[in-house]
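Each chain is listed here by its residues.
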Amino acid sequence: MPMDNPADLFLYELSGMYDAEHKSNQLVGEILGRTEQSPLAQILRAQQQQGQQKIQNLETCFAMMEAEPEDVPCLTMDGMRAEFQAFVGQAPSMEAIEIYTVDAETKMAHLGIAGYQGLIDKALLMGEIQCAQILRTNLVQKQENAGTFERISHELGQRVAMNV
């Protein structure tokens, strides 16, 4: 994909976010497979549904720009998946998996926040107002997710501290 103008860069970054959302959803599915008996399972299922909506929103942006997603791998998500697999290989307790999950979800949310903020700015600068509004929807979900997992992290931390 040639990078001849700001629109090319925007589509490149949008494609990277598209890959990130797909991989994030896959990782949530893997984590969910390990936490079915956890109170987090319901929250993770909701995350997967939101993830599908975010992917659809990105597809809408591509359609508005009359473009298709390029093959731009999100290496950060590849690394997070590899970290999760290495962690699970240590045969952690359910409590450790819950704490790890909450931390991973918080990291994924903040990665998405940063990515969506940049995409929204670029969309607005290019005059792609409708696409920016759609991306803002995804940003708000990421911000809400970050808040949710930060609260859960605090609660888990208190629970662990009481048991020490």
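Residues numbered from 1 in each chain as written. Predicted model: local features only at pLDDT ≥ 70, side-chain atom pairs only at ≥ 80, totals over all residues. Heavy atoms only, no water.

A look at unusual backbone geometry
Turning to step 1, where the next piece is worked out: Of note in this structure, Glu66 is not a glycine but carries a positive phi near 50°.
Turning to step 2, where the next piece is worked out: Here Glu66 falls in the exposed class, since its relative accessible area comes to 76%. (Buried < 20%, exposed > 50% of the residue type's maximum accessible area, 1.4 Å probe, protein only.)

Some points on the state of the cysteines
By definition, a disulfide is the covalent link that joins the sulfur atoms of two cysteine residues.
Turning to step 1, where the next piece is worked out: One pass over the structure, following the stated rule, counts one disulfide.
Turning to step 2, where the next piece is worked out: For Cys61, the disulfide goes to Cys131, at an S-S distance of 2.5 Å. One disulfide, between Cys61 and Cys131, carries an S-S torsion of 120° and so falls in the right-handed class. Note that Cys61 is positioned in helix 2 (residues 40-64) and Cys131 in helix 5 (residues 129-163), a separation of 70 residues in sequence. (Disulfide = S-S within 2.5 Å. Helix = DSSP H or I, 4+ residues; strand = E, 2+ residues; numbered from the N terminus.)

Quick look at the side chain of Glu98
Turning to step 1, where the next piece is worked out: Looking at where Glu98 falls in the secondary structure, it is placed in helix 4 (residues 94-125).
Turning to step 2, where the next piece is worked out: Accessibility expressed as a relative area gives 7% for Glu98, which makes it buried.
Turning to step 3, where the next piece is worked out: Each residue touching Glu98, except ones within four places of it in the same chain, is listed here: Ser38, Pro39, Leu40, Leu156 and Arg159. (Contact = heavy atoms within 4.5 Å.)

A closer look at the packing of aromatic side chains
Turning to step 1, where the next piece is worked out: All told, the structure shown has three aromatic pairs when counted by the stated rule.
Turning to step 2, where the next piece is worked out: On the numbers, 5.8 Å between centres and 80° between planes, the contact of Tyr18 with Phe62 is edge-to-face. With a gap of 44 residues between them, Tyr18 in helix 1 (residues 6-34) and Phe62 in helix 2 connect regions that are remote in the sequence. As far as burial versus exposure is concerned, Tyr18 and Phe62 are alike and both buried. (Phe/Tyr/Trp six-rings, centres within 6.5 Å; stacked < 30°, edge-to-face > 60°.)

Points about the nonpolar core
Turning to step 1, where the next piece is worked out: Residues Phe10, Leu14 and Leu135 are the most contacted members of the largest nonpolar core, which totals 45 residues.
Turning to step 2, where the next piece is worked out: Of all the elements in the fold, those that place two or more residues in this core are helix 1, helix 2, helix 3 (75-88), helix 4 and helix 5.
Turning to step 3, where the next piece is worked out: Contacts of Phe10, omitting those with residues within four sequence positions, involve Met65, Leu119, Lys122, Ala123, Met126, Cys131 and Leu135. (Core = buried A, V, L, I, M, F, W, Y, C linked by side-chain atoms within 4.5 Å.)

What to know about the packing of helix 1 against helix 2
Helix packing geometry: the angle between the two helix axes and the distance between the axes.
Turning to step 1, where the next piece is worked out: Look at helix 1 against helix 2: their axes get within 9 Å of each other, and the N-to-C directions meet at 160°. Our classification of the angle between helix 1 and helix 2 gives roughly antiparallel. Here the hand of the crossing between helix 1 and helix 2 comes out left-handed.
Turning to step 2, where the next piece is worked out: Along the lines of polarity and charge, the residues of the contact of helix 1 with helix 2 split into 13 nonpolar, eight polar and four charged. (Axes fitted to C-alpha atoms, helices over the stretch in contact; angles between N-to-C directions. Parallel < 35°, antiparallel > 145°, perpendicular 65-115°, else oblique. Left-handed = near helix turned anticlockwise from the far one by under 90°. Nonpolar A, V, L, I, M, F, W, Y, C, P; charged D, E, K, R; others polar.)

As for a nonpolar patch on the surface
Turning to step 1, where the next piece is worked out: There is a patch of nonpolar side chains on the surface, built from Met3, Leu9 and Tyr12 and spanning about 260 Å² of accessible area.
Turning to step 2, where the next piece is worked out: Relative to the assigned elements, Met3 resides in the segment before helix 1. (Patch = residues over 30% accessible without salt bridge, like charges linked within 9 Å, V, L, I, M, F, W, Y side chains within 5 Å. Areas by Shrake-Rupley, 256 points an atom, 1.4 Å probe, with all protein chains shown as cover. Salt bridge = Lys/Arg side-chain N within 4 Å of Asp/Glu carboxyl O.)

A closer look at helix 3
Turning to step 1, where the next piece is worked out: If you check helix 3, its first and last C-alpha atoms are 20 Å apart, about what 14 residues at 1.5 Å a residue would give, namely 20 Å.
Turning to step 2, where the next piece is worked out: Next to the buried residues of helix 3 lie helix 1 and helix 4. (Expected span 1.5 Å × (residues − 1).)

Regarding the confidence of the model for the protein chain
Turning to step 1, where the next piece is worked out: Averaged over all residues, the pLDDT of the protein chain equals 93, while 98% of them reach at least 70.
Turning to step 2, where the next piece is worked out: Within the protein chain, helix 3 carries the highest mean pLDDT (96), whereas helix 5 carries the lowest (90). (pLDDT = per-residue confidence, 0-100.)

Concerning the environment of Phe149
Turning to step 1, where the next piece is worked out: The residue Phe149 is located in helix 5 in this model.
Turning to step 2, where the next piece is worked out: Phe149 gets classed as buried once you look at its relative accessible area, which sits at 1%.
Turning to step 3, where the next piece is worked out: When the C-alpha positions of Phe149 and Val102 are compared, they lie 5.7 Å apart, and in sequence the two are 47 residues distant.
Turning to step 4, where the next piece is worked out: Among all residues touching Phe149, those that are not within four sequence positions of it are Ile43, Leu44, Gln47, Val102, Glu105 and Thr106.

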